[in-house]
Amino acid sequence: MFLRLMISAVVVVLIGPLVLAQTHTAVTKNGEKIFQQHCVGCHGASGDGLGPDIKELIVPPANFRAPKYRTKTDMDLYLAIKQGVLFSPMHGWADRLSDQEIRDVLIYIRSLAPFNPVG
Ligand code: HEC
């Protein structure tokens, strides 16, 4: 009995985030447009952090495809986009993008590099 409970707890912990990640609404054209317009210069078309504008940057842009970022939750990334990262060229976008636009661009990023809690 106890073992069964433990197993279902482990399953919930492991599978839960995957199920949540899949409840996303579909990638919108808008998300892609915002990414192309505002983010691609640093983060690159494939999200690998190798955009054309990074030569001058001291801090390299996030490579969304790396385990470090694929293991971050949507909320982590959402807040980083909204508020920015301290002491980094990644400034917040709250003054330029609406919450809906931030969600759209976040879903687009996840389509380039899906959430992977196992790394
Ligand atoms: C001027 C270059 C630049 C632009 C433009 C830019 N970023 Fe970034 N971004 C960065 C850098 C640099 C980091 C890494 C920050 C760090 O680790 O200190 C980063 C990190 C991030 C992260 C991960 C933050 C974390 O640590 O969890 C997200 C998500 C992100 N950017 C999304 C976006 C989105 C969406 C856009 C467009 C709306 C965008 N960025 C535009 C430079 C940029």
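Residues numbered from 1 in each chain as written. Predicted model: local features only at pLDDT ≥ 70, side-chain atom pairs only at ≥ 80, totals over all residues. Heavy atoms only, no water.

### Comments concerning the site of the ligand
Selection criterion: A molecule or strand has a residue near it when one of that residue's heavy atoms lies within 4 Å. For the purposes of this entry, the term helix denotes a DSSP run of H or I that reaches at least four residues, the term strand denotes a run of E that reaches at least two, and both are numbered from the N terminus. Polarity classes work like this: nonpolar for Ala, Val, Leu, Ile, Met, Phe, Trp, Tyr, Cys and Pro, charged for Asp, Glu, Lys and Arg, and polar for all others, with Gly in that last group.
Taken together, 23 residues surround the ligand, and among them C39, C42, H43, K72 and M90 come closest. Of all elements in the fold, only α2 (29–43), α4 (74–83) and α5 (99–112) reach the threshold of two or more residues within the shell around the ligand. Considered class by class, the residues forming the shell around the ligand number 19 nonpolar, 3 polar and 1 charged.

### Focus on the packing of α2 against α5
For any two helices packed against each other, one specifies the crossing angle of their axes together with the interaxial distance. The test is simple: Note on method: axes are straight lines fitted to C-alpha atoms, helices fitted across the in-contact stretch only, with angles between N-to-C directions ranging 0 to 180 degrees. Roughly parallel covers angles under 35 degrees, roughly antiparallel covers those over 145, roughly perpendicular covers 65 to 115, and oblique covers all other angles. The contact criterion used is simple: two residues touch if any of their non-hydrogen atoms lie within 4.5 Å.
Orientation of α2 relative to α5, taken along the N-to-C sense of each, is 90°, at an axis distance of 8 Å. For the element pair α2 / α5, the angle class is roughly perpendicular. Counted together, N30, G31, E32, I34, F35, Q36 and C39 of α2 and E101, D104, V105, Y108, I109 and L112 of α5 form the full contact between these two elements. Counted by class, the contact of α2 with α5 contains 7 nonpolar, 3 polar and 3 charged residues.

### Considering the confidence of the model for the protein
This is how it is decided: Residue-level confidence of the predictor is summarised by pLDDT, bounded by 0 at the bottom and 100 at the top.
Residues with a pLDDT of 70 or more make up 78% of the protein, whose mean pLDDT is 87. For the protein, per-element mean pLDDT is lowest for helix α1 (residues 2–22), which scores 55, and highest for α4, which scores 98.

### With respect to α2
How we decide: Here the expected length of a helix is defined as 1.5 Å per residue gap, with one fewer gap than residues. At every residue, the bend is computed as the angle between two fitted axes, covering the seven residues ending there and the seven beginning there respectively. Three exposure classes are used, based on accessible area relative to the maximum for each residue type with a 1.4 Å probe and protein chains only: buried under 20%, partly exposed in between, and exposed over 50%.
For α2, spanning 15 residues, the distance from its first C-alpha to its last is only 18 Å, which falls clearly below the expected 21 Å at 1.5 Å a residue. The largest bend along α2 reaches roughly 50° and is located at Q37. Along α2, the positions that sit buried rather than exposed are G31, I34, F35, C39, V40, G41 and H43. The first or second residue beyond α2 is G44, which carries a positive phi of 80°.

### Some points on the coordination of the iron atom of the ligand
Let me state the cut-off plainly: The donor set covers N, O and S atoms within 2.8 Å of the metal, switching to 3.2 Å for Na, K and Ca, and it leaves out water, so a site may look short of donors. Donor angles set the geometry label: tetrahedral for four donors if every angle is between 85 and 135 degrees, square planar for four and octahedral for six if opposite donors exceed 155 degrees and the others are between 65 and 115, irregular for anything else.
Coordination sphere of the iron atom of the ligand, protein contribution only: H43 (NE2) and M90 (SD), at 2.0 to 2.1 Å. In this structure, the iron atom of the ligand is surrounded by 6 donor atoms whose angles at the metal cover 88 to 179°, and the resulting shape is octahedral. Placement of the pair is H43 in helix α2 and M90 in the loop between α4 and α5, with a sequence separation of 47 residues. Judged by relative accessible area, M90 falls into the partly exposed class, the value being 22%.

### What about the packing of aromatic side chains?
Threshold: Ring geometry is summarised as follows: Phe, Tyr and Trp rings, the Trp one being its six-membered ring, pair when their centres sit within 6.5 Å, and such pairs are stacked at plane angles under 30 degrees, edge-to-face over 60 and tilted between the two. Only lysine NZ and arginine CZ atoms are considered, and such an atom sits over a ring when it is within 6 Å of the ring centre and within 35 degrees of the ring normal.
Tallying each qualifying case throughout the model produces 2 aromatic pairs. When the centroid spacing of 5.3 Å and the interplanar angle of 50° are considered together, the rings of F35 and Y108 count as tilted. Taken together, the residues span a long stretch of sequence, with F35 in helix α2 and Y108 in helix α5 at a distance of 73 residues. Overall, Y108 belongs to the buried group, its relative accessible area being 9%. Between the NZ or CZ atom of R96 and the centre of the ring of W93, over which it lies, the distance is 4.6 Å.

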